[in-house]
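Structural features, examined
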Amino acid sequence: MGGGWIEQFADAPDVLKSAPDQKTVVWVRGVAIGGGEFVTMAGPCSVETERQLMETAERVAAAGARVLRGGAFKPRSSPYAFQGLGLEGLKLLAAAREATGLAIVTEVMAAADAPLVAEYADILQIGSRSMENYALLEAAAKTGRPILLKRGMVATVADLLRSAQCVVSYGNPNVILCERGIRTFETATRNTFDVTAIVMLKEIARLPVIADPSHAAGRRSLVPALARSAVAAGADGLLVEVHPHPDEAWSDGEQSLTFAEFDAMMAELAPWCELRGARSCVPETVA
Ligand code: PEP
Ligand code: MN
């Protein structure tokens, strides 16, 4: 792995591979993330209502998702936009887990909230806007829950690995890296999906790597093809936004898949997973 190139990642020694086949498998409720199964995490951008969340949880589980996503604390760029249901949202997520068996991933925005969010969630999401909030990284790491660390929208791969190193340095080795698109001069899409980062991270880092095609694209029509490219690039899973009625979503409706679109995407991904040698993401009955 020599060659000088790797030296720019020298600040993150405990997340780099020390042997080519070294890997951290993150176990969440019996699901091994980074362990050979392609793991899909799906659900609404924001938890809105009990009905919205339950319907979505049931449908994404039936289509092969293993983890339910949904924001209860939302990082919104406008103070007048919906900020999330907070504790009420966490309770709805826990009820959806109870009903479906899906594990839960949800964002924690403030260090002070970390213990509360960890009471309800199986995985704590650190959002793009928080990737360099070191007090938050410390508080989230110290809950002991696995951390889903999203790449900052202007963060290099080295920056992402430095933040992962922070979490690991607080005694929490269970970090999942997430490529969700970066800012470039291109404005036709919400962000630019950096598929190279996935390939590179799989080569140099021992941590699982997942892709979020929803926030990368910003448009639902582009999501399935980006998801396929993530499988081809070697990602360990996906984080995808799905909503029963995307046009009525309280946040990120334009990029959220309908149930039918999610079903189709999952069925389409199965042969790509197989081709790559990853265990399929879709139950036999759906594929
Ligand atoms: C989200 O997952 O809904 C989210 C806010 O993502 P990001 O931090 O990548 O913008
Ligand atoms: Mn969103």
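Quick note: structure is the one above.
Presented here is a report on the structure given in the accompanying data block. Worth saying up front: this structure is predicted, and the values here are computed from it rather than measured.

1. So, the overall build of the protein chain
Regarding its fold elements, the protein chain presents nine helices and ten strands. Relative to the 2.2 N^0.38 estimate, which gives 19 Å for 287 residues, the radius of gyration of the protein chain is 17 Å and therefore close to what a compact globule would have. Considering only C-alpha atoms, the protein chain reaches an extent of 50 × 45 × 40 Å along its principal axes. Excluding contacts between residues fewer than 6 apart, the proportion of contacts in the protein chain whose partners are at least 24 apart in sequence is 71%.

2. Regarding the site of ligand 1
The immediate surroundings of ligand 1 are formed by 13 residues, with R69, S128, R129, K150 and R180 found nearest. Between H215 and ligand 1, the recorded distance is 3.1 Å, taken from a side-chain N or O atom to an oxygen atom. Tallied by class, residues from the shell around ligand 1 come to two nonpolar, four polar and seven charged.

3. Quick word on the nonpolar core
In terms of nonpolar packing, the biggest core is built from 79 residues, with L149, L161, L177, F262 and M265 touching the most fellow members. Counting 15 residues, the second largest nonpolar core, distinct from the first, contains I33, V39, V67 and I210.

4. Observations concerning the pairing of strand β3 (residues 39-43)
Of all five residues in β3, five are buried, a share of seventy percent or more. In this structure, β3 lies alongside strand β10 (residues 237-241), joined through five bridges in parallel fashion. Bridged to V39 within β10 is G237. Once you follow β3 into helix α1 (residues 50-62) and on to strand β4 (residues 67-69), the crossover reads as right-handed.

5. Let's talk about the side chain of D236
As for its placement among the helices and strands, D236 is situated in the loop between α8 (223-233) and β10. Accessibility expressed as a relative area gives 8% for D236, which makes it buried. What D236 contacts, discounting residues up to four positions off in sequence, is G34, E37, F38, V39, K202, P208, V209 and I210.

6. Topic: the sheet that holds β4
Spatially, the eight strands close up into a barrel ordered β3-β4-β5-β6-β7-β8-β9-β10, and their pairing is parallel. Each strand axis lies, on average, 25° off the axis of its neighbour in the sheet, ignoring direction. Relative to β10, strand β9 (residues 209-211) runs parallel, the two being bridged by two bridges. Bridge pairing in β10 places I210 opposite G237. Of the strands in this sheet, β4 and β5 (103-107) touch helix α2 (residues 87-100), which is tilted by about 160° from β5.

7. Some points on the pairing of strand β7 (residues 147-150)
Of the two faces of β7, the one carrying I147 and L149 and the one carrying L148 and K150 are both buried. In terms of strand pairing, strand β6 (residues 123-126) meets β7 through three bridges, oriented parallel. Each bridged residue has a counterpart across the sheet, and for L124 the counterpart in β7 is I147. Across four bridges, the pairing between β7 and strand β8 (residues 175-179) is parallel. Residue pairing across strands places I147 opposite V175, the latter belonging to β8. For the crossover from β7 across helix α5 (residues 157-169) to β8, the handedness is right-handed.

8. Focus: helix α9 (residues 259-276)
In this model, α9 (18 residues) spans 26 Å end to end at C-alpha, consistent with the 26 Å of a helix rising 1.5 Å per residue. For α9, the principal kink sits at L269 and spans about 25°; a proline, P271, occurs within the next four residues. Buried residues of α9: F259, F262, M265, M266, L269, A270 and C273, and no others. Looking at the packing, one finds that the buried side of α9 touches β3, α1, α8 and β10. One or two residues past the end of α9 sits G277, with phi positive at roughly 90°.

9. Digging into the environment of Q52
Position of Q52 among the secondary structure elements: in helix α1. Aside from chain neighbours lying at most four places away, what touches Q52 is P44, S46, V47, H243 and P244. A polar contact is formed between the side chain of Q52 and the backbone nitrogen of E48, at a distance of 2.8 Å.

Conventions used here
- Residues numbered from 1 in each chain as written.
- Chains lettered and ligands numbered in written order.
- Predicted model: local features only at pLDDT ≥ 70, side-chain atom pairs only at ≥ 80, totals over all residues.
- Heavy atoms only, no water.
- Helix = DSSP H or I, 4+ residues; strand = E, 2+ residues; numbered from the N terminus.
- Rg over C-alpha atoms; globule rule 2.2 N^0.38 Å.
- Contact = heavy atoms within 4.5 Å.
- Near = heavy atom within 4 Å.
- Polar contact = N/O pair within 3.5 Å; in protein donor to acceptor, adjacent residues only side chain to side chain.
- Nonpolar A, V, L, I, M, F, W, Y, C, P; charged D, E, K, R; others polar.
- Core = buried A, V, L, I, M, F, W, Y, C linked by side-chain atoms within 4.5 Å.
- Buried < 20%, exposed > 50% of the residue type's maximum accessible area, 1.4 Å probe, protein only.
- Pairing = 2+ DSSP bridges.
- Right-handed = clockwise from strand over helix to strand, strands pointing away.
- Axes fitted to C-alpha atoms, helices over the stretch in contact; angles between N-to-C directions.
- Expected span 1.5 Å × (residues − 1).
- Bend = angle between axes of the 7 residues up to and from the residue.

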